[in-house]
Every structure is written in structure tokens, then in C-alpha cells.
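# Fold and geometry: a report
Spelled out from the first residue to the last, the chains are:
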Amino acid sequence: MSQDVPRKIVHVDMDAFYASVEQRDDPSLRGKPVVVAWRGARSVVCAASYEARRYGVKSAMPAIRAERLCPDAVFVPPDFLRYRAVSRQTREIFSRHTDLIEPLSLDEAYLDVSVNKLSLPTATAVAEQIRAAIRDELNLTASAGVAPNKFLAKIASDWRKPDGQFVLRPHQVQAFLQPLPVARLPGVGKVTEAKLQGLGFSTVGDLAESPLEVLREAFGSYGQRLWELARGIDDHPVVVERPTQQISAEDTFAKDLLLDEFDDTLLALAEKVWSQAEREPDRVGRTVILKLKTQDFRLLTRSLTPLEPPSSAEVLGALALSLKSRVDLPERTRYRLAGVGLGHFVDRHELEVQGELFGLSSSR
Amino acid sequence: MRFSIQREVLLKPLTQVVGVVERKQALPVLANILISVQGDRVGFTGSDLEVELSANCIAEKTEDGEITVPARKLFDIVRALQDGSVIDVSVNAERVTIKAGKSRFTLSSLPANEFPTVDDIDVIERVSLSEASVKELLDRTAFAMAHQDVRYYLNGLLLDLRDGILRCVATDGHRLALCEAELELSVKTRRQLIIPRKGVLELQRLLDVGEGLVDLEFGKNHIRARRSDFVFTSKLIDGRFPDYEAVIPIGADKLVELPRDELRAALSRAAILSNEKYRGVKVEVSPGRLNISAHNPEQEEASEELEAKTIVDNLSIGFNVNYLMDALAALRGVNVMLCLRDGNSSCLVRDVENQRARHVVMPLRL
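Fair warning: this is a prediction, and the values are worked out from it, not measured in the lab. (Residues numbered from 1 in each chain as written. Chains lettered and ligands numbered in written order. Predicted model: local features only at pLDDT ≥ 70, side-chain atom pairs only at ≥ 80, totals over all residues. Heavy atoms only, no water.)

### Points about the overall build of chain B
- Counting its secondary structure elements, chain B contains six helices and 26 strands.
- Residue burial in chain B is summarised as follows: out of 366 residues, 55% are buried.
- Residue pairs in contact within chain B that sit at least 24 positions apart in sequence constitute 68% of those at least 6 positions apart.
- Looking at chain B as shown, the accessible area adds up to about 16,800 Å², and 46% of this sits on carbon and sulfur atoms. (Helix = DSSP H or I, 4+ residues; strand = E, 2+ residues; numbered from the N terminus. Buried < 20%, exposed > 50% of the residue type's maximum accessible area, 1.4 Å probe, protein only. Contact = heavy atoms within 4.5 Å. Areas by Shrake-Rupley, 256 points an atom, 1.4 Å probe, with all protein chains shown as cover.)

Right, dumping it as C-alpha cells:
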């Protein structure tokens, strides 16, 4: 990646995403400390609203601890289907500005807006528009960081959180980084931090001034990366989300069944997989996969790649059923789980289409 | 039951029959073969309920009787015995003893009456052909059968019995192979039946290019082939084969003639650089010439130019190269003819001299 022309990277991070979606959809939760977590002795906090964070509740802490910290918190079980749907809406908003989108999770993504679709004059304006659209259309808030690379953009988005935006221009980078503690650099955890402290590095500025060799000797190739990060250098490109490679659905039976006793389930799973595949009409799955787990937890998969990719839920179901004939376990074997998958996806335009003799497409 | 036989004589029918026995069976007795001795004849029968094969040979020191023994084990034992050994097989209580020289084996058995055999197939029609022509019909068409297609009736071979002609047709929905043989006797009414894939492959394996006759018996649900030393029975696929005559192109009047071997060789070279999955090649025809080109995702390219007898100009069509090569391999003539219409329509491939064998290949949209 060339450093001559600075890139313009935006990191968008939804504020307390799951908790905010819950508060948005249930007015009774607004203004209250909300903790999104499963009920259960071993469950952890998936998200906490800003009201709950005031009590010290944080993501990934045990739910029991959160309850102790904030006894008044409302606990809501996560509903990932809904979060995923909202996440898709945010991506749609991003895609108005760029196709170079790298989602990190449901609630954050990097965008490369060096060139933006609406020809807005600055990356700052792009970030502002995105945040405004999220506020107006989705009734949620997001924070954004604008910087010449991914690592700086991510630090920047955290700078004015929540509902804020921070722009780091190339000439400001050194001054901004210098006072930061080394722990702010990606990859620096407790162990590395202690090691850096031991070498006398406590701020990013200390690191930036150190000779490269010292860091190389102490950390190997990561030393090089640390040295670059400390100087604000990060060439990692925005990697567009890998398009669908495989879709599958599976079901564990209430009781273990013989091979011929769950055709209905396979057909239902095929339908589920198909309806998911249909959401991406530009991608075509070519391989049908049947997955089975026996009573004694042996896992077997059978797959088939027909010349003509499956074209409907029915065909997918029929192919999945036909794969049963390739299961060579004794007939009395019982199964606890069955799955149907569709894999080996290719872009539709890449597909060479073999003509059908008996289909509607045939002509002679 | 008892018989005595030379190893090589026994090995032949055993080899044939053991091929029918599946590794996993619907019934335990189907892992066995049925041995029946009558007079000086010993019969061996294997079955998977879809396909049944009885092969027989002459033995000595026989005592009539029937029993079933594990097919694989018997076969492996006989095969492992020394060349030229004389093998004695006899029943003692429920055990079958096999003796040869100083070797002795005792096998478990199951009663013969537990072995399901197809006795009467209700013969509707019967034809006799030379063994070589039955084999030819199968060899020149069977490769085009579908395999595990949801259209189950394509997972087999159609026998189309019509006045004076027996025609075999196979298709996987993308290409079709047809071959026909003349019959000496005409049949009463046209009959179509579909032999399942496994039956076709077994029969192909059994037949040789001999001049002797093979009787084909058509039943309502079975087909049976008889040669002097075996009786082969297969269930039929209960389904309607698609109207294959409707897909043999009639409007394909753009003709290209060229030597079969040259075309095959050029295609096989171009195929090296075709997409592994779709095997696409582009065929372009201009007066006096046929060009073949292929490229793969790595953008490597192959191009072949052939002289051809044609006046067709400016026609371009894509094919799965395997389909074309299969068709050419199943033809016999020195020169072949491609009958085309346009880039989206099927292509008929046949020998120039006759159209006893016809191949239809649907194009690949590249």
C-alpha cells in the first residue's frame, strides 16, 4: 500500500449496540440500566447500556457480577436475529458511501472512503453523514473515528464515545500518539505491556523514539509492527467481507432416530438453508452437504456437487435426501443430529451454465 | 450337497457372482451366495434384491442340494488357493467344508430357502442378439447415464424395443447417447424399459465380444439376460423416461465434417487448460475450419485449429469438453459430423457414414 497518498479510513462503532437496540425497541427500558445477558450461572454480559456502565458493568463480565454491581439493572436475553437485522441496515448505510467495508462484528466496521461514492469533499463529512443516517433512520447512535489507517481510526472512534466523532489528520498523528500508554496499541496485552515497561517504554512516544533493533530483538517480527504502530504506520488494507462460502442449518433431535425417520427434518432444514441463500441472489452454492451425528457422537458428512447447482429448496432437499444413500453405517444406527448445508459458493456471473436437454431452457 | 471342481473352473462363476453382492445388505443372507447342485451342474447366485446373477459350471462327484455361504470369504479362499488345486465342497450339518490338498476351511451357512431369488419374471417379449452387439449397445451408451440424479429414471439405461430395432438410450440431462441394433425378429408392440445403473454396469462387465447369442427377456418389472453359463436378472426402474426423440435436433442444419481422431486429440489437448469444474471449451466454425479454445481461471489459454469440411461461417458455441470427448469415443467412424444450429442449441454428433449411434450435447454458456 502506498504511503504517498494518505488513505481515508473511517471506523464506525455503534454505541452500546445490543443494549441500545433493546432500549429503542422497548420504551420501558429507556433511561434504565440495561444488561443484555442470558440468565444462568455461567453466562456473561453481552452488552450494557451507558446507564449500567456507570455502575461498573462491562461487556464480557460474568452476569452474576453485573447483578451484584447494579442490582437495579434490567436483564434482557440477547436477540441476535434482531441485532443482525439492524447490523445489516447499518451496512446498507455504509454502502451508500463505499463498497470497501470490513465488518469486525455486528456493531463495528472499517470503511475505506479514500474515494467515496457521493464525492463528499472529506472523510469527516462521510462519517458525519453516516452517523446522521444511523440516528435518523435507525434511531441509534454511533461513534466514528477518521484517520489515515485502520489502527488509528479505531483509537479515534473511541476518543469521543458515545455519539461522537474524532478526526486524526496525518500531520496530527505523531502528537496524538506520543502521550498514549503503550497498552493502547493493538496486540499489546498485559504480558507485552509488562515487558515493554521493563524495557523502559511506557508511552507510545517512548516506543517511537526507540531504535528498531531494540524492539526487533525483544519481540521478533512483532517488534517491527510495534515500532511502525508507534509511528502511526499501519498498511493493513480494509478487507471487504468475505462473501458467503457456506450456509448450513442443523437440528438435534428430541430422541435419537434411524436414518429413515427424519426426512421431514432434512427437508425443513433444506428450506431454511435455501431461504438464507436466497438473501444473496448474486451467489450460487454448488455443493450440497449432509451432516449427521450418530448416537455415539460420530460425525459424518456426505457431499455432492451436481453440474447444475441446486435451484430451489425442493431440489436442495431432494439432493440432501439422496446423500443418505451414501451413508454406509449399519441400518440400525441411530442419529442424534442432522444438518443440511450448501457450500462452494461462487458469484453467479462466474457460473458457466450447462444447458439442459429436458428443461425449459432447451431448444433444438 | 457336494461337488468337486478345479479351482480355475470354480473361480470364473464366483468372480462374476461376487460382484453383485453388496458390502452392506438389506438382509443378512444377501452377504451369502446361493450354491445349488443339480446333476453335474453347480449354480452360484448372488443378489442385492435389485440385481441377481446366477452363473453355473460343470463339476464332478456331485450330490444334489442347496445352501448359502458367505460370498466374500468363499471367493477369497478360492482365489488364494494354489493354481490347479482340486477343491471339494461339502455340507456337514450347518457347516460348509472346503478342502483342497492340505487346506481345509469350514464356513458358516444359512438355509437356501432364506435366499430371495427372482423365479418368474412374466416374460412379455423376448429377443436374441449376438453377445457382441448387446455389449456394443451398452458400451456406446452407458457412459451417459446419470448418477444419483433426483430424476431417478435417468439413473439407468433405456431399452427402446421397436419394430426390427433395439435402441439403447442414456442421458444425464445434459447430453444423450443413443445406439441401435437391428433385430432379426420383429416384436409385437413397442416397449420401453429402464435398467438401473447398477444392472447396466454389471451386465457390461459380464458380456464379452463373443458371437454366441444372448437372450433378452423383458418382463413387467424385470429384465433377464441369458447366456449359456449365466442368467442375469435386474429389476427395472419404475418411471417414465423423458421423450428423448424430442431432443434429438432436427433443425441443426449447419454441418461440420472432420476426422474423428484429429478432433478428439485436439479436444483432449485443449481440455488441459479448461476450467476444472465446468470443462468448458469454445468451438468456433468458419468455412473450412474449426477452432477450439479453452482458458482457465488462471487465464492460461489453449487454442487448436483444425481443417474441416464445412461452409458454416461465424458460429461459436461452448461445450463441456468431456461430453464431446465421450461422444467421440463412442463413435466408430473415421469421420464424424457435427450438426449445429446456433450457440444456444444442442449439437448432434454422429459418424458421417451412418447414424446408428447418435449423441446430443447441450452447449455450455460461457
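### Some remarks on helix 11 (residues 221-230) of chain A
All names here are of chain A.
- Inspection of helix 11 places Gly 223, Leu 226, Trp 227, Leu 229 and Ala 230 among the buried residues, and these make up the whole buried set. Seen end-on, helix 11 carries its buried residues on one side only, within an arc spanning 165°.
- Backbone geometry just after helix 11 places Gly 232 at a positive phi near 80°. (Arc of directions from axis to C-beta.)

### A closer look at unusual backbone geometry
- Looking along the chain, the bond that leaves A:Lys161 and enters A:Pro162 is cis, with omega of -10°.
- Relative to the elements of secondary structure, A:Pro162 occurs in the loop between helix 6 (150-157) and strand 8 (165-167).

### Focus: the environment of B:Arg151
Residues and elements named next belong to chain B.
- Tracing the chain through its elements places Arg 151 in the loop between helix 3 (131-139) and strand 11 (156-162).
- The class for Arg 151 is partly exposed, based on a relative accessible area of 23%.
- In the structure, Arg 151 is positioned 21 residues away from Asp 172 in sequence and 9.1 Å away in space, judged by C-alpha atoms.

### Side note on the sheet that holds strand 11 (residues 299-304) of chain A
Residue and element names in this part refer to chain A.
- If you trace the four strands from one edge of the open sheet to the other, you get 9-12-10-11, paired in antiparallel fashion. Each end of this open sheet is capped by a strand with a single partner; those strands are strand 9 (247-258) and strand 11. Looking at each pair of strands side by side, their axes are set apart by 20° on average, direction ignored.
- Strand direction decides the pairing type here: strand 10 (residues 283-294) and strand 11, joined by six bridges, are antiparallel. (Pairing = 2+ DSSP bridges. Axes fitted to C-alpha atoms, helices over the stretch in contact; angles between N-to-C directions.)

### What about the pattern of salt bridges?
- Counted by the stated rule, this structure contains 51 salt bridges over all chains.
- The partner of A:Glu108 in a salt bridge is A:Lys154, with the nearest N and O atoms 3.0 Å apart. Here the residue A:Glu108 occupies a position in strand 6 (residues 108-112), and A:Lys154 occupies one in helix 6, the gap between them amounting to 46 residues.
- For A:Glu108, a relative accessible area of 16% translates into the label buried.
- Salt-bridge contacts for B:Arg126 lead to B:Glu217; the nearest nitrogen and oxygen are separated by 3.5 Å. With B:Arg126 in strand 10 (residues 125-130) and B:Glu217 in strand 15 (residues 213-218), this pair connects stretches of sequence that are 91 residues apart.
- Classification of B:Arg126 by relative accessible area gives exposed; the value is 51%.
- Look at the salt bridges and you will find they share partners, linking B:Asp160, B:Arg162, B:Arg167, B:Glu180, B:Arg190, B:Glu245 and B:Arg358 into a network. (Salt bridge = Lys/Arg side-chain N within 4 Å of Asp/Glu carboxyl O.)

### Describing the interface of chain A and chain B
- The interface is formed by 23 residues belonging to chain A together with 36 residues belonging to chain B.
- Carbon and sulfur atoms make up 54% of the surface buried where chain A meets chain B, a total of about 2,600 Å² over both sides.
- In this assembly, chain A and chain B are joined by one salt bridge.
- Taken together, chain A and chain B are joined by five residue pairs in polar contact (both at pLDDT 80 or more).
- Secondary-structure elements contributing two or more residues to the side of chain A that touches chain B are helix 13 (313-323) and strand 13 (353-354) of chain A. (Buried area = accessible area lost by both parts, 1.4 Å probe. Polar contact = N/O pair within 3.5 Å; in protein donor to acceptor, adjacent residues only side chain to side chain.)

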